[in-house]
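Structural features, examined
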Amino acid sequence: MSRLWFARRHRPPSARSRRPWITPLIAMIVVVNASALGYRITEGWDWGDCYWMVAITIATIGYGEVHPLSTAGRIITVFSIAGGLVVVQLTIQNLVGLSETGYFRRLRERRFRNWVQSMNNHVILCGFGRIGQEIADQLQREGVPLLVVEMDPACRDAAEERGLPVLFADATLDETLLEAGIHHCRSLVAALTSNAANLYVVLSARGLAPRCRLIARSDSEEAGRKLRLAGADQVVSPYVAGGRVMAATALRPLAVDFMELLAGSDCEVEEFQLSEDRERMGALEGRSLADMEFGRRSGAQVLAIRVPAPTVVNPYSYRGTTYGTPEAKLVTNPGGDVRLGAGQLLVVMGSKEQLKRFAEVLGPALESAEPMAD
């Protein structure tokens, strides 16, 4: 992939600067046609010989004259050579001027902007530090389209060396997130080194795209709480996550190895949210997993089902929950007798194709489907 990076927004160029090639082009057309017309009038050649003579004269190829020239024809040749030299000089000056004014850079930026606008279902990664690099490596292995937003030139260069498209801009600004395609992205990951910067990114992203899935990095519990209040769907602390993995490796090494193998395969885990509208549930309401035959019809496997908390008239009289408030129930490794109901969340494992067929089996009863957060 070419080394494209998107700098800050520039002043809109004038109509002339948007078409700087038009002046030398017009000059070339005038010189060529005027010289050909001169040969036609003075020598009486056909148009093919006229234009061929103009071509070898301006290009200084030196093939020789098409036909012996008269005095008038030689004068036309002199004017053709002079005009060609002027056009070449004018073209060189324009190219130098375009390079000095940054025209080619703006042209690359415009192409990059158009390419970003064509992206869909991609992940926006804000920050390409050590955490961001690990995230990018994992997403690249999964084949997920990725756009990096970074302000540090060194981090930008590191991302470009890995073949990643980079938006060289401030991720905390609304205009940057809009240019990154936040309205049609899969999710946004705020992995900047500063908690305050991640908070600004989450606030901006949530205000622009309320339905966008936001994952943020935090270095402390207090920062995590504020990020959740700002609208982050998932907050991850590298220190807490690293400690949990190390503890799990010490206690359950086989389980950790299995999850690593799962991450490196084409198998995924997704959450399927069933609608709370019983009319949309239709025939699925009350049917058991054995009746649905998900495994035969889709190939995917239901790992767990989260049953929503029951609705009670007097929550203080409800037993078995903290302060009388009913809680959701998680059924792991559900058997065939477990029945589907409105508002349930199904945790399903399978390949992308299997998960797609699973969603088709659910039909209109499916409210949403999201990859399961680690």
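See the structure printed just above.
Read on for an overview of the structure.

Rules and cut-offs
- Residues numbered from 1 in each chain as written.
- Predicted model: local features only at pLDDT ≥ 70, side-chain atom pairs only at ≥ 80, totals over all residues.
- Heavy atoms only, no water.
- Buried < 20%, exposed > 50% of the residue type's maximum accessible area, 1.4 Å probe, protein only.
- Helix = DSSP H or I, 4+ residues; strand = E, 2+ residues; numbered from the N terminus.
- Pairing = 2+ DSSP bridges.
- Axes fitted to C-alpha atoms, helices over the stretch in contact; angles between N-to-C directions.
- Polar contact = N/O pair within 3.5 Å; in protein donor to acceptor, adjacent residues only side chain to side chain.
- Contact = heavy atoms within 4.5 Å.
- Salt bridge = Lys/Arg side-chain N within 4 Å of Asp/Glu carboxyl O.
- Core = buried A, V, L, I, M, F, W, Y, C linked by side-chain atoms within 4.5 Å.
- Expected span 1.5 Å × (residues − 1).
- Patch = residues over 30% accessible without salt bridge, like charges linked within 9 Å, V, L, I, M, F, W, Y side chains within 5 Å.
- Areas by Shrake-Rupley, 256 points an atom, 1.4 Å probe, with all protein chains shown as cover.
- Phe/Tyr/Trp six-rings, centres within 6.5 Å; stacked < 30°, edge-to-face > 60°.
- Lys NZ or Arg CZ within 6 Å of the ring centre and 35° of its normal.

**Some words on the pairing of strand 10 (residues 345–351)**
The element strand 10 is extensively covered by neighbouring structure, given that seven of its seven residues are classed as buried. When strand 7 (residues 267–274) meets strand 10, the two strands line up antiparallel, connected through seven bridges. The residue of strand 10 that forms the bridge with glutamate 268 is glycine 350. Both strand 8 (residues 301–307) and strand 10 contribute to a ladder of five bridges, which runs antiparallel. Paired with arginine 306 across the bridge in strand 10 is leucine 345.

**Re the sheet that holds strand 4 (residues 185–190)**
Reading across the sheet, the six strands line up as 3-2-1-4-5-6 and stay open at both edges, with parallel pairing between neighbours. With partners counted over all chains shown, the strands left at the sheet margins are strand 3 (166–168) and strand 6 (234–236), one partner each. Within this sheet the neighbouring strands show an average axis-to-axis angle of 20°, counted without direction. In this sheet, strand 3 lies alongside strand 2 (residues 146–150) in parallel orientation, the contact comprising three bridges. Directly across from valine 148, in strand 3, lies its bridge partner valine 166.

**Quick look at the side chain of threonine 57**
Turning to its location among the elements, threonine 57 is positioned in helix 3 (residues 47–58). Of the polar contacts made by the side chain of threonine 57, one reaches the backbone oxygen of methionine 53; its length is 2.6 Å. Among all residues touching threonine 57, those that are not within four sequence positions of it are Tyr39, Thr77, Ser80 and Ile81.

**Section: the pattern of salt bridges**
It is possible for side chains bearing opposite charge to pair when their charged atoms get close. Overall, the coordinates contain 10 salt bridges when judged by the stated rule. Of the charged contacts, one joins arginine 156 and aspartate 157 as a salt bridge, the two residues approaching to 3.2 Å between their closest N and O atoms. The partly exposed category is assigned to aspartate 157, whose relative accessible area is 26%. With a shortest N-O distance of 3.8 Å, glutamate 221 and arginine 225 are connected by a salt bridge.

**Details of unusual backbone geometry**
The backbone phi angle of asparagine 121 is positive, close to 60°, even though this residue is not glycine. Position of asparagine 121 among the secondary structure elements: in the loop between helix 5 (103–118) and strand 1 (122–126). For asparagine 333, which is not glycine, the phi torsion reads 45° and is therefore positive. Considering the arrangement of structural elements, one finds asparagine 333 in the loop between strand 9 (329–332) and strand 10. A residue is classified by how much of its surface remains accessible, and asparagine 333, at 63% relative accessible area, is exposed.

**Overview of the nonpolar core**
In this structure, Ile124, Ile182 and Leu188 are the most contacted members of the largest nonpolar core, which totals 28 residues. Counting only elements with at least two residues in this core, the list comes to strand 1, strand 2, strand 4, helix 9 (195–208), strand 5 (214–217) and helix 10 (221–230). In terms of residues, this core owes the most to one element, helix 9, which gives four residues. Among all residues touching isoleucine 182, those that are not within four sequence positions of it are Ile124, Leu177, Leu188, Ala205, Leu208, Ala209 and Cys212. Counting residues in each nonpolar core, the second largest holds 22 residues, with Leu289, Met292, Ile305 and Leu362 among its members.

**Some remarks on helix 3**
Taking 1.5 Å of rise per residue, the 12 residues of helix 3 would be expected to cover 16 Å, and the 16 Å separating its terminal C-alpha atoms lies within 8% of that figure. Those residues of helix 3 that sit buried are Cys50, Met53, Val54, Ile56 and Thr57. Sitting at the head of helix 3, aspartate 46 places a side-chain oxygen 3.0 Å from the backbone nitrogen of glycine 48.

**Let's talk about a nonpolar patch on the surface**
Judged by side-chain polarity, Leu37, Ile41, Trp47 and Tyr51 come together as a nonpolar surface patch covering roughly 410 Å² of accessible area. Elements that contribute at least two residues to the nonpolar patch include exactly helix 2 (22–43) and helix 3.

**Quick look at the packing of aromatic side chains**
A full pass over the atoms with the stated rule returns four aromatic pairs. Centroid distance tyrosine 39 to tryptophan 45: 5.5 Å. Interplanar angle 15°. Geometry classified as stacked. A ring pair is formed by phenylalanine 272 and phenylalanine 358, whose centres lie 5.0 Å apart and whose planes are at 55°; its orientation type is tilted. With phenylalanine 272 in strand 7 and phenylalanine 358 in helix 16 (residues 352–362), this residue pair connects regions lying 86 residues apart in the sequence. Phenylalanine 358 gets classed as buried once you look at its relative accessible area, which sits at 0%. What links up through ring pairs into an aromatic cluster is the set Phe272, Phe294 and Phe358. Its end group placed over the ring of phenylalanine 168, arginine 156 keeps NZ or CZ at 4.6 Å from the ring centre.

**So, the side chain of serine 187**
Mapped onto the elements of the fold, serine 187 is located in strand 4. Once residues lying within four places of it in the same chain are set aside, the contact partners of serine 187 are His122, Val123, Ile124, Cys212, Arg213 and Ile215.

**Remarks on the environment of glycine 84**
When you line up the elements, glycine 84 lands in helix 4 (residues 71–101). Separated by 52 residues in sequence, glycine 84 and valine 32 place their C-alpha atoms 8.5 Å apart.

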